[in-house]
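Residue-level listing of the chains:
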Amino acid sequence: MNLSSIPFGLRLAPCLAAVVVCAGMAHAQTITLYTSQPNSDAQATVDAFMAANPSIKVEWVRDGTTQLMTRLEAELAAKAVKADVLLIADTVTLESLKQRDLLQPHLSNERAHYSADLFDEDGYYYSTKLITTGIAHHSAAPQRPSSWKDLTTPAYKDLVAAPSPLYSGAAMLHLQTLVNLPEFGWGYYEALKANNAQVQGGNGGVLKAVATGTKPYGVLADYLAIREKAKGAPVEFVFPSEGVSVVTEPVAILKSSQQPAAAAKLVDFLLSAQGQELVLKQGYIPARNGSAVPAGFPARESIHILPLNAAKALAETDADKARFGKIFDAAK
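Just so it is clear, the model here is predicted, and its values are computed rather than measured.

Let us look at the packing of helix α6 (residues 185–194) against helix α11 (residues 310–328). The packing of two helices is summarised by the inter-axis angle and the distance between the axes. Between α6 and α11, the least distance of the axes is 10 Å, while the angle of their chain directions is 30 degrees. In terms of orientation, α6 and α11 fall into the roughly parallel class. For the element pair α6 and α11, the recorded crossing hand is right-handed. Contacts between α6 and α11 involve Trp-186, Tyr-189, Glu-190, Leu-192 and Lys-193 from the first element and Asp-320, Arg-323, Phe-324, Ile-327 and Phe-328 from the second. Looking at side-chain class alone, the contact of α6 with α11 contains six nonpolar, no polar and four charged residues.

Below is the structure:
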């Protein structure tokens, strides 16, 4: 085809379109997310957000919360913080960053759909899901526990496994929840020790012990037991009558972020109905009021969440670790 026969305006159109696309890409904002989500969940979260916000690119780094905080501390020391948004395991860690003036507040309009105890009142961090800790037991176990205190009775002697607070962040929050409630206190952990409960390692080891019957009863994160049961494992999960402790995977914006508006959009997305539907699809209980729950879970309103004061837990973390270690003769 002779290009001279094509009107100049039509020849120019593809070039102009290319310029517009390139200009859009050049002006796209890029933010960095540090997250402790599993890789597949993190990728799905980022993909969904970028599909809804095509002008924002999200680069992400995945690791355990402790490792991410070590990385962040090194970046703070070097005055070269890369992260804009944190999406990590627990509120206690974010409370620590808030008290150090390392977070910036964001009063998301989505907070109206959340219980007040699931976000910081000043908008420094927001819970995105509810991962509870309850009791798992082998399907053929002789007893059917219904209470946390069942695990301290003679029928369960030598038969209970639990993750260590010196290893597992969820186990640490579970401990700090129980020891600050008058019906439990430190006497509860002393009773577990007296009943020869095996308290070591993380949730994965507990799941294996329960599923194989090595220790037919265990303190375990809900989704691990419920997912394994769905796959055919001989594991049952119980929400104890007193209630459950919870890890809420909160999100926060770092004060050092150079893209606070884009970072705020990511926070809003995670808290939105669309973001919480993604949490549900990933197999977790969404934190947003009125949300459905994954298959295998009881109705959300029937799950009683035990209270945790994040600021108090933060202040007492070192002392709590030391006291636990003394009871169980444990070392990190």
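Under the counting rule described, the total for this entry stands at eleven salt bridges. As a salt-bridge pair, Lys-98 and Asp-122 come within 3.7 Å of each other at their nearest N and O atoms. Of this pair, Lys-98 sits in helix α4 (residues 91–99) while Asp-122 sits in the loop between β4 (103–104) and β5 (129–138), and the two are 24 residues apart along the sequence. In this structure, Arg-288 engages Glu-110 in a salt bridge whose closest nitrogen and oxygen atoms are separated by 2.8 Å. One end of the pair, Arg-288, is in the loop between β12 (285–286) and α11; the other, Glu-110, is in the loop between β4 and β5, and 178 residues separate them in sequence. One salt-bridge network, in which partners are shared between bridges, spans Lys-98, Asp-120 and Asp-122.

Once that is clear, we can look at the environment of Met-50. Among the secondary structure elements, Met-50 is positioned in helix α2 (residues 39–52). On the basis of relative accessibility, which here comes to 25%, the residue Met-50 falls in the partly exposed class. Considered as a pair, Met-50 and Leu-266 are 216 residues apart in the sequence and their alpha carbons are 9.1 Å apart. Leave out the neighbours within four places in its chain, and Met-50 touches Ile-56, Lys-57 and Val-58.

Before going further, it helps to spend a moment on the confidence of the model for the chain. In this model, the chain carries a mean pLDDT of 91, and residues with pLDDT of at least 70 account for 91%. For the stretch residues 12–26, pLDDT sits under 50, and the model shows zero contacts to residues farther than four places along the chain or on other chains.

Criteria and thresholds
Each chain has its residues counted from 1, running along the sequence as written. Residue-level local features of this predicted model are given only where pLDDT is at least 70; pairs of side-chain atoms are given and counted only at 80 or more, and the full residue set underlies all totals for whole chains, interfaces and linings. Values shown for side chains rest on all heavy atoms present in the structure; no hydrogens or waters enter the calculation. In this analysis, axes come from line fits to C-alpha atoms, helices being fitted only over the stretch in contact, and the angle between any two N-to-C directions falls in the range 0 to 180 degrees. Elements are defined by DSSP. Helices are runs of H or I of four residues or more, strands are runs of E of two residues or more, and each kind is numbered from the N terminus. Orientation labels follow simple angle bins: below 35 degrees gives roughly parallel, above 145 gives roughly antiparallel, 65 to 115 gives roughly perpendicular, and whatever is left gives oblique. Left-handed describes a crossing whose near helix is turned anticlockwise from the far helix through less than a right angle; right-handed describes the clockwise counterpart. We call two residues in contact when some of their heavy atoms are within 4.5 Å. The classification used treats Ala, Val, Leu, Ile, Met, Phe, Trp, Tyr, Cys and Pro as nonpolar, Asp, Glu, Lys and Arg as charged, and all other residues, Gly among them, as polar. Definition used for salt bridges: Asp or Glu carboxyl oxygen within 4 Å of a side-chain nitrogen of Lys or Arg. Relative accessibility thresholds used throughout: buried, under 20% of the residue-type maximum; exposed, over 50%; partly exposed, between the two (1.4 Å probe, protein chains only). The quantity called pLDDT is the predictor's confidence in a given residue, expressed from 0 to 100.

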